[in-house]
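A closer look at the structure
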Amino acid sequence: MDKFKEIFELRAILMRMERDVGLDGLTSAEKDVFLAVQSLSAKVGAVVASNEIRNHQNVRSLSQATYHRILRTLLERGLLGRAAGSKANSYVVTAGRI
């Protein structure tokens, strides 16, 4: 039973951290995509290719339609932006790094 208590405590800490940085309004899948981009980029403004994001271990299980819908949502919320000179397939982190 102790292992479940530890998992609960870790989850509570994670939820507080997500709230502190403003991610609490995102769905789990949106967080997965956003954090995948974060992990693939060296800094704010670093360009990350869509295929890199799509192949990230936390994103692979999403359907293609869900993945693209989430990218659109993250763009609309201002968390991601399109890379300069790119219509699609390249994104930049526009929100501050966690």
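The structure this text deals with has already been given above.
The following paragraphs examine the structure supplied in this document. (Residues numbered from 1 in each chain as written. Predicted model: local features only at pLDDT ≥ 70, side-chain atom pairs only at ≥ 80, totals over all residues. Heavy atoms only, no water.)

Considering the overall build of the protein
Looking only at helices and strands, one finds four helices and three strands in the protein. Secondary structure elements of the protein occur, N-terminal to C-terminal, as α-α-β-α-α-β-β. Principal axes of the C-alpha set define a box for the protein whose edges measure 55 × 25 × 20 Å. Taking all 98 residues of the protein together, the buried fraction comes to 37%. Taking the contacts inside the protein whose residues are at least 6 apart along the sequence as the reference set, 52% of them involve residues at least 24 apart. Only carbon and sulfur atoms are counted for the fraction: they give 53% of the accessible area of the protein, which is about 6500 Å². (Helix = DSSP H or I, 4+ residues; strand = E, 2+ residues; numbered from the N terminus. Buried < 20%, exposed > 50% of the residue type's maximum accessible area, 1.4 Å probe, protein only. Contact = heavy atoms within 4.5 Å. Areas by Shrake-Rupley, 256 points an atom, 1.4 Å probe, with all protein chains shown as cover.)

Focus on helix H1 (residues 2–21)
Taking 1.5 Å per residue as the helical rise, H1 with its 20 residues ought to reach 28 Å, and the 29 Å between its terminal C-alpha atoms agrees with that figure. Looking one or two places after H1, you find Gly22, whose phi comes out positive at around 85°. (Expected span 1.5 Å × (residues − 1).)

Observations regarding the environment of Thr94
Relative to the elements of secondary structure, Thr94 occurs in the segment after strand S3 (90–93). Look at Thr94 and you get partly exposed, because its relative accessible area is 41%. Along the sequence, Thr94 and Glu9 sit 85 residues apart, while their C-alpha atoms lie 31 Å from each other. In terms of polar contacts, Thr94 uses its side chain to reach the backbone carbonyl oxygen of Gly78, at 2.4 Å. (Polar contact = N/O pair within 3.5 Å; in protein donor to acceptor, adjacent residues only side chain to side chain.)

Notes on the pattern of salt bridges
Overall, the coordinates contain two salt bridges when judged by the stated rule. The salt bridge involving Glu9 is made with Lys5; its shortest N-O contact spans 3.9 Å. With Glu9 and Lys5 both in helix H1 and four residues apart, the pair spans about one turn of that helix. You can call Lys5 exposed: its relative accessible area is 53%. Ionic pairing is found between Lys31 and Glu18, a salt bridge with its closest N-O pair at 2.7 Å. With a gap of 13 residues between them, Lys31 in helix H2 (residues 28–40) and Glu18 in helix H1 connect regions that are remote in the sequence. This pair shows no difference in class: Lys31 is buried, exactly as Glu18 is. (Salt bridge = Lys/Arg side-chain N within 4 Å of Asp/Glu carboxyl O.)

Focus: the sheet that holds strand S1 (residues 47–49)
The antiparallel open sheet is built from three strands, whose spatial order is S1-S3-S2. Single-partner strands in this sheet number two, and they are S1 and strand S2 (80–82). Averaged over all pairs of adjacent strands, the angle between their axes in this sheet comes to 40°, without regard to strand direction. The strands touched by helix H4 (residues 64–76) within the sheet are S2 and S3, with S2 carrying the most contacts at an inclination of about 100°. (Pairing = 2+ DSSP bridges. Axes fitted to C-alpha atoms, helices over the stretch in contact; angles between N-to-C directions.)

With respect to the packing of H2 against H4
The contact between H2 and H4 brings their axes to 10 Å, and the two run at 75°. In terms of orientation, H2 and H4 fall into the roughly perpendicular class. Contact residues: H2 offers Ala29, Glu30, Val33 and Phe34, while H4 offers Tyr67, Ile70, Leu71, Thr73 and Leu74. Residue composition of the contact of H2 with H4, grouped by class: seven nonpolar, one polar and one charged. (Parallel < 35°, antiparallel > 145°, perpendicular 65-115°, else oblique. Nonpolar A, V, L, I, M, F, W, Y, C, P; charged D, E, K, R; others polar.)

Just distances and angles here, no functional claims.
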